[in-house]
Structures are given as C-alpha cells and as structure tokens.
Amino acid sequence: MTQTDPHVIAHQEALRAPELNPSDHVAAGHITSGGGWPARTWILLVVLAGALFLDGLDISMVGVALPSIGADLGMGQSALQWIVSGYVLGYGGLLLLGGRVSDLLGRRRVFLVALGVFGVASVISGLVDVDGVIVGLRFVKGAAAAFTVSAGLSIITTTFAEGPARNRALSIYTVCGASGFSLGLVFGGLLTEWSWRATLMFPGPVALALLVIGMRVIPRGERTHFRWSQFDVLGAVASTAALLLLVFGVVRAPQVGWGAPATIGVFAAAVVAGLLFVVVEVRHRHPLIRLGILRSTLLVHANVSGALMFGGYVAFQFVVTLYLQDVLGWSPLMMALGFLPAGLIVAASAVRMDRVLDRVPTPVLMIFGFAAFLGGYLWFARVQPGMGYTEFLLPTIILLGIGFALTFPSVTAQGTSGVDDDEQGLASGLVNTSVQIGGAVMLAVITAILTSSAEPARPGALLGGMTTAIWVVSALSVAGLIGAVGVAWWSRRIRVPSTTSPPDVTADADRDRELCGQV
C-alpha cells in the first residue's frame, strides 16, 4: 500500500476537514452532534437498541426458565442446553452473512425483514410442546437476530459520524444490549412464575411493535445494486457447519467418550468445515470475511475479548441458574430479584458511558472490566451450602454488572472503529460473531463438565462439577485481562489513538492501514 492509496487519502482528508459547529446535526450523511438530536433520531436509536435489547433478553431470560422447561417436557441438562445453544448457534453462525447481506442488499430492508421473522418465530415457539420444534424455532430466532444485529449496528455506524456522536449512539446501543442480558434474568424470573411459555413468547409482540415504528424512522439510504454471485453462501454454510459440529462434539463427548471414534470424527469434520471456510474466503470475489481486515490489531483484540467475555458470562449464568434453582430451591422470582443489581448497574451506565469512551482508551476500560468479571467469579467460587445471599451472590452480581458495563461497549466501539462505511456490516457482524461463538462454545464446555460429574444435584450440596466450571470461567477472564493489558501497553508504546481520537495525519501508510483495517 502506498501513500496514494485512496483509502488513506480519504482518511487523511477527513481528518483535515474543519471542525463542524455543534449545532450541525448532519454532515455528509452522518449525524455529527454529540447530543441534542431531534426526536426522530432518538426514536431511531430506540428501535435499533430495542432490537439488540430483545436479542440479549431472549438468551438470558430463557436461561432462567430452563429448569421449568425441563421439568415440564422431561428434558435433561444436555437437551436443555440446546434451547440456549440453538439460538446462539443460529445467531453466531449467520452473523457474518448478515453483515455482508446488509452491505449488499440494504441495511434497512434486512433489519426490518429479520425483525419480523424474529417476532413471528417468538410467538410460535411459545405455543408448541415438542422440544425438537422449540429448538428449531430457537435456531430460526437466532438466525433472524443475527441479521437484525449486523444491520442495526451498521446503520448506527454509518449514520453517526465517528467521534463523540457515534460514541454516544454506540454507548446507548451496547448498554441496551448488556441490559438485555442482565435484565433478562429478572424478566425471566417474573415470567417463569406465570409460565415458561411466556419467556419464549414475550419478545414477539415487542419485536413486531418495533418493526412498525422502524418502517417509519429508519432511513432508506441509497438504492443498492447487487448480483447473486456476491453472496458467499458456501462460506456461510461452511462456518455454520464448523460451529455446529464443534459444539455438538463437545456436548456429546462426555457421553460417548473423548477418544471415541464418533467424537474424533465430529471434531475432524469441524476442522474440515473450518478449512473449507478459509479456502472459500480466499478464493471468493466477494468473501464473507475480507481476511485483510484482520490485520488490524485493535479489531482482532476486540473480537477475542468479546468471545472471552460473553463465553464466561453465559457459562457462569447457566451454572448459577441450575445451582440456585435445583440445589438451593430458589424460585424463578427469587432468582430474578437476586440478579437485579447487575441489570440496574448496566442500565445506569448508559448515562456516562459515552463520555468515558471519549476519554479512556478501550483497552484500558477492558482491563477494569475483565478484572471486575474475575473478581465476581472468584468471589462466587467461595460458595458453600448455608451461605446467605449477601455472602456469596450479591458481591458477584455487582462485580459482573460493572464488568459488563465497561467491557461490552468497549468491545463494540473498538471492533467497528476506523472501518470504512462499506465494510461496517462486516465489522459489526464479525464482532458479534465472536461474541456469540464464545457463548456457544463455552456453554457446551461447561455443560460437558456438569454432565460428566457423577454427583447428582441435591439440596444442601454443591452442584456436581460446579467448582471446576467456575475455575474454567475464571480462566477466561484471566486471559481477557492479560490480553487487555498487553494491547494497552502496545497502544501506548506506538501511540495508537483511542477509538474516538483521530490518528495523527503524519503517520505513515502502514499505520493508517492497520488502524483502518485496509490491506
């Protein structure tokens, strides 16, 4: 890449542009004001953030209802985890395709269609009794969520100019997503007291209401022209197959044996599917992932951190849900109230998080976020039968709330910063894919640990395999903390700017290439 590269020229010219008056809300198609937006802009944010809130809500809300679903339908732990994994696999497996389709087919169109599918599938899933059908509908919902998230995030990053305006929008957007994960435990407990079916059905009417509003406020954008050859369907199939086979192999291994031919065969098939995906991406003229984008150190770090953060959180939530309800005998309502502080902390962080992102580099925020996660997990590891709520769970919940409030927005902001508009769908799909893959794989690993334990759940005792599971989850936060410290040191050493600060226009072309994700 030379200094005449058009991407670098455009990037540097944008940095030399005169500063806009704060009263100017839109310039070159981007909203630039850091606040004071018109009502239509706020309604747009409500629709986009509301869809992400529902996605997070659905995962954690259904997690609370798992014991009730299992008791009613006669499903064991291995079968129950597929109600969560089915959603997460559809979500994570198709996020990359969702990002690419959004860039090519139109973000508004993709977002609205996917939101409608999500709403209809939610309503139907609450009306059926067959566990296989429920899991199938959960996969459909996850796939629809993949398209709403990819399209929704790219709508934000192409509507709001990079800097204070985008940070404000992203902080609201990501905090809503984190609030969905946290408050989903509360909603799940309340709804499960009435019926576990309500937890499956509740997101449906809300999604359909957002659809109606979104049709009026989401900008249409420019008309797109595309050819079917631009859709990397084979790449999407290969990546989804690799993920499905990997998780299936991990879940089945404790039952048939880790060294059994069936287990080895499934893992080998996952590797082959993964290699096929890489080959397809290298050869396809319009790949699902332009592999050159992975040359950005900050982007890769954001994706890895997202996987570690969400993988640990989903696995921990699964363990704690089973422990509180199956061992301690808590009702879903009691569990909802027990997790409420985390949801309140995450929701309250929306007030100041954009200002924090403006002032503090995202790797530094991740250091504090992963430290909070680690402290929460280690505190819970002390649990013994007979401990009160304030002794083993309340400090953990507070620390997890702080960790989510700091880490989730930082991952999203860092993962989409410095990327051209025509690849925002790819960048947003990539970071969300990493988050969901982390959740799917770690949920399968933790389920395997729990089901491999010979100790059944019984009152007055720890859940079989729970201690091992908590240490595994803690190790993920240690890895995330070490990575954040390393990237923060690297960023300071070479003077890489935060996600909100423009890079030095005198930097050489290679530096621009790395920060912008160009090849």
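All of these numbers come straight from a predicted model, not from anything done at the bench.

(A) Seen up close, the overall build of the protein chain. Scanning the protein chain from terminus to terminus reveals 19 helices and two strands. For the protein chain, the proportion of its 519 residues judged to be buried stands at 57%. Contacts spanning at least 24 positions in sequence make up 84% of the contacts within the protein chain whose residues lie at least 6 apart. If you sum the accessible surface of the protein chain, you get close to 20300 Å²; carbon and sulfur atoms cover 66% of it.

(B) Geometry of the pattern of salt bridges. Applying the stated criterion across every chain yields a total of three salt bridges. Measuring nitrogen to oxygen at the nearest pair gives 2.4 Å for the salt bridge that ties lysine 141 to aspartate 58. Here the residue lysine 141 occupies a position in helix α5 (residues 131–159), and aspartate 58 occupies one in helix α2 (residues 39–73), the gap between them amounting to 83 residues. Just as lysine 141 is buried, aspartate 58 falls in that class too. Aspartate 129 is the partner of arginine 197 in a salt bridge, and the nearest nitrogen-oxygen pair spans 1.9 Å. Within this pair, whereas arginine 197 is found in helix α7 (residues 196–201), its partner aspartate 129 is found in the loop between α4 (107–125) and α5, the two being separated by 68 residues in sequence. On the accessibility criterion, aspartate 129 (49% relative accessible area) is partly exposed.

(C) Layout of helix α14 (residues 362–380). For α14, built from 19 residues, the straight-helix expectation of 27 Å at 1.5 Å per residue is met to within 8% by its first-to-last C-alpha distance of 27 Å. Those residues of α14 lying buried are Thr362, Pro363, Leu365, Met366, Gly369, Phe370, Ala372, Phe373, Leu374, Gly376, Tyr377 and Phe380.

(D) Main features of the packing of α2 against α4. It is at 12 Å that the axes of α2 and α4 come closest, and there the two elements cross at 35 degrees. The interaxial crossing formed by α2 with α4 has left-handed handedness. Contact residues: α2 offers Val47, Leu48, Ala51, Leu54, Asp55 and Asp58, while α4 offers Phe111, Leu115 and Phe118. Residue composition of the contact of α2 with α4, by class: seven nonpolar, no polar and two charged.

(E) Fine view of the packing of α4 against helix α8 (residues 203–217). At a closest axis distance of 7 Å, the pairing of α4 and α8 adopts a crossing angle of 155 degrees. One element, α4, and the other, α8, form an angle in the roughly antiparallel class. Regarding α4 and α8, the two cross each other, and that crossing is left-handed. For the pair α4 and α8, contact is made by Arg108, Leu112, Leu115, Gly116, Phe118, Gly119, Val120, Ser122 and Val123 and by Pro203, Gly204, Pro205, Ala207, Leu208, Leu210, Leu211, Gly214 and Met215, respectively. Per-class residue counts for the contact of α4 with α8 are 12 nonpolar, five polar and one charged.

(F) Up close: the nonpolar core. Counting 133 residues, the largest nonpolar core has Tyr91, Phe111, Leu324, Phe380, Phe404 and Ile446 as its most contacted members. For this core, the element with the most residues is α2, which contributes 16 residues.

(G) Focus on the packing of aromatic side chains. For the structure shown, the criterion picks out 12 aromatic pairs. With centroids separated by 6.5 Å and ring planes inclined at 90 degrees, the aromatic side chains of tyrosine 323 and phenylalanine 392 adopt a geometry described as edge-to-face. Separated by 69 residues along the polypeptide, tyrosine 323 in helix α11 (residues 297–327) and phenylalanine 392 in helix α15 (residues 389–392) bring together distant segments of the chain. Owing to a relative accessible area of 1%, tyrosine 323 belongs among the buried residues under this scheme. We classify phenylalanine 392 as buried; its relative accessible area is 2%. Note on tryptophan 330 and tyrosine 389: the rings are 6.3 Å apart at their centroids and 50 degrees apart in plane angle, and the pair reads as tilted. Of this pair, tryptophan 330 sits in the loop between α11 and α12 (332–348) while tyrosine 389 sits in helix α15, placing them 59 residues apart in sequence. Taking relative accessible area as the criterion, tyrosine 389 reaches 25% and is therefore assigned partly exposed. An aromatic cluster is defined as three or more aromatic residues linked by ring pairs; in this entry it consists of Tyr313, Phe316, Tyr323, Phe370, Phe373, Tyr377, Phe380, Phe392, Phe404 and Phe408. The residue whose ring lies beneath arginine 382 is tryptophan 379, and the NZ or CZ to ring-centre distance is 4.3 Å.

(H) Representation of the confidence of the model for the protein chain in the model. Per-chain confidence: the protein chain averages 77 in pLDDT, with 80% of residues scoring 70 or above. At the low end of the mean pLDDT range in the protein chain sits helix α1 (residues 6–16), at 35; at the high end sits α14, at 94. Overall, residues 1–29 carries pLDDT values under 50, and its contacts beyond four positions in sequence, including any with other chains, amount to 41 contacts. Note that pLDDT drops below 50 for residues 496–519; the model gives that stretch 61 contacts with residues more than four away or on any other chain.

(I) Layout of the environment of leucine 57. Along the chain, leucine 57 turns up in helix α2. Here leucine 57 falls in the buried class, since its relative accessible area comes to 0%. Along the sequence, leucine 57 and alanine 178 sit 121 residues apart, while their C-alpha atoms lie 8.9 Å from each other.

(J) Examining a nonpolar patch on the surface more closely. A surface patch of nonpolar side chains, amounting to about 460 Å² of accessible area, comprises Val278, Val282, Leu291, Leu294, Val300 and Val304. For the nonpolar patch, the elements supplying multiple residues, two or more each, are α10 (261–283) and α11. With respect to the helices and strands, the residue valine 300 is situated in helix α11. Look at valine 300 and you get partly exposed, because its relative accessible area is 32%.

(K) Quick look at the environment of valine 101. With respect to the element layout, valine 101 can be found in helix α3 (residues 77–105). Separated by 50 residues in the primary sequence, valine 101 and alanine 151 have C-alpha atoms spaced 8.5 Å apart.

What counts, and where the lines are drawn
- Residues numbered from 1 in each chain as written.
- Predicted model: local features only at pLDDT ≥ 70, side-chain atom pairs only at ≥ 80, totals over all residues.
- Heavy atoms only, no water.
- Helix = DSSP H or I, 4+ residues; strand = E, 2+ residues; numbered from the N terminus.
- Buried < 20%, exposed > 50% of the residue type's maximum accessible area, 1.4 Å probe, protein only.
- Contact = heavy atoms within 4.5 Å.
- Areas by Shrake-Rupley, 256 points an atom, 1.4 Å probe, with all protein chains shown as cover.
- Salt bridge = Lys/Arg side-chain N within 4 Å of Asp/Glu carboxyl O.
- Expected span 1.5 Å × (residues − 1).
- Axes fitted to C-alpha atoms, helices over the stretch in contact; angles between N-to-C directions.
- Left-handed = near helix turned anticlockwise from the far one by under 90°.
- Nonpolar A, V, L, I, M, F, W, Y, C, P; charged D, E, K, R; others polar.
- Parallel < 35°, antiparallel > 145°, perpendicular 65-115°, else oblique.
- Core = buried A, V, L, I, M, F, W, Y, C linked by side-chain atoms within 4.5 Å.
- Phe/Tyr/Trp six-rings, centres within 6.5 Å; stacked < 30°, edge-to-face > 60°.
- Lys NZ or Arg CZ within 6 Å of the ring centre and 35° of its normal.
- pLDDT = per-residue confidence, 0-100.
- Patch = residues over 30% accessible without salt bridge, like charges linked within 9 Å, V, L, I, M, F, W, Y side chains within 5 Å.

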